[in-house]
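If you want the building blocks of each chain, they are given just below.
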Amino acid sequence: MMALEFSQRIARIPTYPAAGGYAQRAPKVRLASNESPWPPLPAVIEAIQGALATLNRYPDPTNSLLRERLSERYGVPASRIAIGNGSCDILLAAGEALLEPGAELVYAWPSFSVYPHLSAASGARAVTVPLDACERHDLRGMLREITAATRLVIVCNPNNPTSTAVALASVADFVAEVPRHVCVIVDEAYCEFNLLEDPDASIDLLAHHPNLVLLRTFSKVYGLCGLRVGFALCGSEDLPRAVDQVRQPFFCNALAQTAAVEALAHQDAVTDRVTRTIAERISVDERLRALGIEPAESQANFCWFGLGGHDPEQAATREADVMRGLAERGVLVRGGGALGRPGALRVTYGTTEENAIFLDALAEAL
Ligand SMILES: *Cc1c(COP(=O)(O)O)cnc(C)c1O
């Protein structure tokens, strides 16, 4: 039988390093995907149930109610807000709209595992800039990589997988130096958990930088990743228009729109969940240090740490051994090997009970 003949880009595009745990017999403690350990709010579940009866209708293709509510919440005109089937949808659409062979994009590494798809899918050149010794973005180094061919720069703040954040003042200086025709996406999937600043402070930058895009999501603190909905607050109407040009018309389903609108109305619950997560962050990090592990300074809902050993091969073996030890004890975490740093682990902060199980299992697995 003859094999199908695919386009050249299919050979280039990496397969997303999916976390485990979605099969039927999943381990009981799932700390591999930076999900919220808490279910959607009762009011959100109720709103979703209320929308079930009208699923014979297409969703609102302009996401008008959601964009209106986001506009009220963030003070950004609705025309400068893009919605997506998850924020990754906006990211990939931005790549499609901005990139092509001959163009370049710049991002840090290790960073979010979806970024390499943007160059692979478009044929653009990816320029990666190593994180600094504290696992933070080297924004100066990234600036130096901007050329006449650069179309897009991505800053993940706080950074996945390393959990670290750079100060908003540094991001502001950085954006001020980037040429106006280059799009800057600041991926703020975890901004609510960042104690370095008010999560909404970056929004002020939009007024001065039409090329700036703040990418946010309902997947993390809002606990709605199963529904797929994210948004982008933009410095101009250009990017929202362009991402809509490259996508199918009904990219955000009706239940996701309804749930997001309802979730936005419960900011007190967001604050509460952030507070609980940060309490877990402090106590898990403390117990990691007691085990002789030095986690990176987390401003997110997950931690990141090396397991020791400088030889890359040894580090990879150690990572695999610890991952196996944890899995045998019912705990699923993310190995650094698939994320650009063999010998490291990325572990989501779960509930107090889940974290206790993880820490006990880790102590044994070590
Ligand atoms: C989880 C995550 C997202 C969110 O993706 P969705 O498509 O909105 O679920 C975006 N960026 C980063 C860095 C993430 O870790």
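Along every chain, residues carry numbers that run from 1 in the direction the sequence is written. In keeping with the predicted nature of the model, local features appear solely for residues at pLDDT of at least 70, side-chain atom pairs appear and are counted solely at 80 or more, and the whole-chain, interface and lining totals rest on all residues. For the side-chain quantities, the full set of heavy atoms in the structure was used; hydrogens and water were omitted.

**Considerations on the domain arrangement of the protein chain**
Formally: Residue ranges for the domains trace back to a domain assignment, done automatically or taken from a database. Defined in terms of a 1.4 Å probe, buried area is the accessible area two parts forfeit on being brought together, summed over both. Salt bridges are counted wherever a side-chain nitrogen of Lys or Arg sits within 4 Å of a carboxyl oxygen of Asp or Glu. Contacts described as polar in this section are N or O atom pairs within 3.5 Å, which, within protein, must combine one atom able to donate a hydrogen with one able to accept it, while residues neighboring in sequence count only if both atoms come from side chains. In this text, helices come from DSSP runs of H or I with a minimum length of four residues, and strands from runs of E with a minimum of two, each type numbered from the N-terminal end. Charged residues are taken to be Asp, Glu, Lys and Arg, nonpolar residues to be Ala, Val, Leu, Ile, Met, Phe, Trp, Tyr, Cys and Pro, and polar residues to be all remaining types, Gly included.
One can read the domain layout of the protein chain as domain 1 (19-39 + 267-365) and domain 2 (42-263). The C-alpha-based centres of domain 1 and domain 2 are spaced at 25 Å. At the boundary of domain 1 with domain 2, total buried surface from both sides reaches about 2100 Å², with 58% on carbon and sulfur atoms. Of all residues in domain 1, Gln267, Gln299 and Trp304 give up the largest surface area on contact with domain 2, accounting jointly for 26% of the area buried on that side. Where domain 1 touches domain 2, the interface holds two salt bridges. Residues Arg341 and Glu135 are paired through a salt bridge, measuring 2.7 Å at the closest nitrogen-oxygen approach. Where domain 1 touches domain 2, the interface holds eleven residue pairs in polar contact (both at pLDDT 80 or more). If you list the elements that add at least two residues to the side of domain 1 that touches domain 2, you get α10 (267-290) and β9 (302-306). Counting residues per element, the side of domain 1 that touches domain 2 draws most heavily on α10, which supplies seven residues. Looking at the side of domain 1 that touches domain 2 residue by residue, the classes come out as eight nonpolar, nine polar and six charged.

**Concerning the pairing of strand β7 (residues 212-217)**
Worth spelling out the cut-off: Three exposure classes are used, based on accessible area relative to the maximum for each residue type with a 1.4 Å probe and protein chains only: buried under 20%, partly exposed in between, and exposed over 50%. Two strands pair if DSSP finds at least two bridges between them.
Most of β7 is tucked away: six of the six residues are buried. Neither face of β7 is open: one carries Leu212, Leu214 and Arg216, the other Val213, Leu215 and Thr217, and all of them are buried. In the sheet, β7 pairs with strand β8 (residues 230-234) via five bridges, with the strands oriented antiparallel. For Val213, the partnering residue across the bridge sits in β8 and is Cys234.

**Quick notes on the sheet that holds strand β2 (residues 81-84)**
Filter applied, for reference: Lines fitted to the C-alpha atoms define the axes, with helices restricted to the stretch that makes contact. Angles between their N-to-C directions range from 0 to 180 degrees. By definition, residues are in contact when any of their heavy atoms lie within 4.5 Å.
Read across the open sheet, the seven strands follow the order β2-β8-β7-β6-β5-β3-β4; overall the sheet is mixed. The outermost strands of the open sheet, each flanked by one partner alone, are β2 and β4 (125-130). Adjacent strand axes in the sheet meet at a mean angle of 20 degrees, parallel and antiparallel pairs treated alike. Sheet strands touched by helix α4 (residues 87-98): β2, β5 (150-156), β6 (183-187), β7 and β8. Its angle to β7, the strand with the most contacts, is close to 150 degrees. Each of β5, β6 and β7 touches helix α7 (residues 168-177); the most contacted strand, β6, lies at about 165 degrees to it.

**Regarding unusual backbone geometry**
Each neighbour pair has its own omega, and for Trp109 with Pro110 the value is 0 degrees, a cis peptide bond. As for its placement among the helices and strands, Pro110 is situated in the loop between β3 (104-109) and α5 (115-122). Cis peptide bonds are those with omega within 30 degrees of zero, and the linkage from Asn160 to Pro161 qualifies with 15 degrees. Considering the arrangement of structural elements, one finds Pro161 in the loop between β5 and α7. A positive phi angle is found at Glu135, which is not glycine, with a value near 65 degrees. Given the relative accessible area of 14%, Glu135 is considered buried.

**Notes on the sheet that holds strand β12 (residues 344-348)**
Strand order in this open sheet of three strands is β9-β12-β11, and the pairing throughout is antiparallel. Both outer strands of the open sheet, β9 and β11 (334-335), are each paired with one neighbouring strand and no more. Pairing geometry for β9 and β12, over five bridges, is antiparallel. Bridge pairing in β12 places Cys303 opposite Val347. Of the strands in this sheet, β11 and β12 are in contact with helix α11 (residues 312-328), which crosses β12 at around 30 degrees.

**Section: the state of the cysteines**
Test applied: In what follows, a disulfide is any cysteine sulfur pair within 2.5 Å.
A complete count under the given rule lists zero disulfides for this structure. Sulfur of Cys134: no disulfide; nearest cysteine sulfur belongs to Cys303 and is 17 Å away. Judged by its relative accessible area of 45%, Cys134 is partly exposed.

**Points about the packing of α11 against helix α12 (residues 352-365)**
For the record, the criterion: For classification, angles of less than 35 degrees are called roughly parallel, those exceeding 145 degrees roughly antiparallel, those between 65 and 115 degrees roughly perpendicular, and all remaining angles oblique. If you view the pair so one helix is near and one far, a crossing is left-handed when the near helix is turned anticlockwise from the far one by less than a right angle, and right-handed when it is turned clockwise.
Running from N to C, α11 and α12 cross one another at 130 degrees; their axes reach a closest spacing of 9 Å. Relative to α12, the element α11 is oriented oblique. α12 is crossed by α11, and the crossing has right-handed handedness. In this structure, α11 contributes Val322, Gly325 and Leu326 to the contact, and α12 contributes Phe358, Ala361, Leu362 and Ala365. Among the residues forming the contact of α11 with α12, the class breakdown is six nonpolar, one polar and no charged.

**Quick notes on the nonpolar core**
Note the following rule: By nonpolar core we mean a set of buried residues, namely Ala, Val, Leu, Ile, Met, Phe, Trp, Tyr and Cys, connected to one another through side-chain atoms within 4.5 Å.
If you look at the biggest cluster of nonpolar residues, it comprises 59 residues, and the most contacted ones within it are Phe174 and Phe218. The biggest single contributor to this core is helix α9 (residues 254-264), with seven residues. Counting contributing residues, this core receives three or more from each of domain 1 (19-39 + 267-365) and domain 2 (42-263). Phe174 has contacts with Leu139, Met142, Leu143, Val153, Val155 and Val184, leaving out every residue within four places of it along the chain. Counting residues in each nonpolar core, the second largest holds 27 residues, with Phe112, Tyr115, Leu215 and Leu239 among its members.

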